Amino acid sequence: DADVVLSGFVNLVNIQTISVSEPDVADERRVTVSIDLKLTKKDGSTVWAAKGLSDFEEYLVDTDTEQTDANRRNAIRVLSRRIAERTVNRFSDDF
């Protein structure tokens, strides 16, 4: 059993078009993610918490929907890594 547990909640996943080549043809989109995190002890008391950690990343839209999906997943991977790095820095700054 762990002394503390990190838990979280995804508040927002938003995708918006940021570049178009024609009125109804998206060239680039932005995915935004926002999360809340909490570190709790076994007794349920909160050791550390952060609300509204967010980031965004752009990705290209392809005529191949599978490629667009892969680009979106990669963008989420990139922004998730940045959120994780900021979380570790923020967490260590608080202690």
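Before any of the text, the structure's been laid out above.
Residues numbered from 1 in each chain as written. Predicted model: local features only at pLDDT ≥ 70, side-chain atom pairs only at ≥ 80, totals over all residues. Heavy atoms only, no water.

K.L.:
Could you clarify how one ought to interpret the environment of K38 in this entry?
P.N.:
Position of K38 relative to the elements: it lies in strand β2 (residues 25-41). Residue classification places K38 among the partly exposed residues on the basis of a relative accessible area of 37%. Taking the C-alpha atoms as reference points, K38 and G8, separated by 30 residues in sequence, lie 6.1 Å from one another. Other than its neighbours up to four places away in sequence, K38 contacts V5, L6, S7, T46, W48 and A49. (Helix = DSSP H or I, 4+ residues; strand = E, 2+ residues; numbered from the N terminus. Buried < 20%, exposed > 50% of the residue type's maximum accessible area, 1.4 Å probe, protein only. Contact = heavy atoms within 4.5 Å.)

K.L.:
It is not clear to me how the pattern of salt bridges should be interpreted in this structure. Could you clarify?
P.N.:
When charged atoms on two side chains of opposite charge get close, those side chains can pair. Across all of its chains, the model carries five salt bridges by this definition. R82 is paired through a salt bridge with D55; the nearest N and O atoms lie 2.7 Å apart. Of this pair, R82 sits in helix α1 (residues 65-93) while D55 sits in strand β3 (residues 46-60), and the two are 27 residues apart along the sequence. Under the relative-accessibility criterion, D55 is labelled buried at 11%. We note a salt bridge from D69 to R72, for which the minimum N-O separation is 2.9 Å. With D69 and R72 both in helix α1 and three residues apart, the pair spans about one turn of that helix. (Salt bridge = Lys/Arg side-chain N within 4 Å of Asp/Glu carboxyl O.)

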